[in-house]
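Residues per chain, in single letters:
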Amino acid sequence: MHPQMMGSHRDFPHQASVRLRGVEDGDRPLLFSLRRDRALQSLLLTVPDATDDAALSAWIERRCNEMGGAFLIIEDRASGKAAGYTQITQVHRRNANGYGGIVLAEEARGLGLGRAALAGLMLHASRMLGLRKLMAEIDIDNAASIRLHLSLGYRKVGLLEAHFTDANGVPRDVMLFERRLEDN
């Protein structure tokens, strides 16, 4: 799978509350429940084609083996439990950029884990994958995600009108953000 975040807490103090690590078999129930949550997946601009166990296992394998990308579990250091996942997809090697995102289980939201996970993902993108920029497409109604990204130095690039069709067939406007990683 993918390497873990490397370095000591002294090197990455803002990430002390989470550990980004590879997927383990025990993570599948959480991953499956997050992927099967239609409302959450629509908010994250995803509509899975199938959500049976075989399709979800194949999704995990695809994400874990995507060339140049990352698919990592967000582990809450306080509890030692998986709290969600983070990923980097659509990596363009020559331009050294890709799309990053995080997903947290409902009970893990509002605890600062998302901030730590996104900061850790930026470090992973820069130091482990050699990326210079992360992009993010965020539903205009996902205010928490927009605030989080802006607070970590992302800048709004523009609005993509009717860019995504959700699970109910409703077209959604999406904001495009970017974050240069040279500062990491």
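Residues numbered from 1 in each chain as written. Predicted model: local features only at pLDDT ≥ 70, side-chain atom pairs only at ≥ 80, totals over all residues. Heavy atoms only, no water.

Under an unreviewed UniProt entry, the protein chain has the name RimJ/RimL family protein N-acetyltransferase and belongs to Rhizobium lentis.

Engineer: Got a minute to help me understand the confidence of the model for the protein chain in this structure?
Structural biologist: Low pLDDT marks regions whose predicted coordinates should not be analysed in detail. Of the residues in the protein chain, 91% have a pLDDT of 70 or more, and the chain-wide mean is 90. Across residues 1-14 the pLDDT falls below 50, and counting only partners more than four positions away or on other chains, this stretch makes 33 contacts in the model. (pLDDT = per-residue confidence, 0-100. Contact = heavy atoms within 4.5 Å.)

Engineer: Looking at this structure, I do not really get the pattern of salt bridges. What am I missing?
Structural biologist: Pairing between side chains of opposite charge can happen when the charged atoms of each approach one another. Considering all chains together, one arrives at 13 salt bridges under this definition. A salt bridge links E66 to R63; the nearest nitrogen and oxygen atoms lie 2.9 Å apart. R63 sits in the partly exposed class, given a relative accessible area of 25%. Between E182 and R180 there is a salt bridge whose closest N-O contact spans 3.2 Å. Shared partners join several salt bridges into a network, and the residues in it are R19, R21, E24, D27 and E75. (Salt bridge = Lys/Arg side-chain N within 4 Å of Asp/Glu carboxyl O. Buried < 20%, exposed > 50% of the residue type's maximum accessible area, 1.4 Å probe, protein only.)

Engineer: For this particular structure, what's the right way to read the sheet that holds strand β4 (residues 97-104)?
Structural biologist: Strand pairing in a sheet is mediated by backbone hydrogen bonds. Such pairs are either parallel or antiparallel. Pairing within the open sheet is mixed, and its seven strands lie in the order β1-β2-β3-β4-β5-β7-β6. Edge positions in the sheet fall to β1 (18-21) and β6 (155-165), since each of these pairs with one other strand and no more. Strand-to-strand twist of the sheet, defined as the mean angle between neighbouring strand axes without regard to direction, takes the value 30 degrees. Of the pairings in the sheet, the one linking β1 to strand β2 (residues 70-76) comprises four bridges and is antiparallel in character. Bridge pairing in β2 places R19 opposite E75. (Pairing = 2+ DSSP bridges. Helix = DSSP H or I, 4+ residues; strand = E, 2+ residues; numbered from the N terminus. Axes fitted to C-alpha atoms, helices over the stretch in contact; angles between N-to-C directions.)

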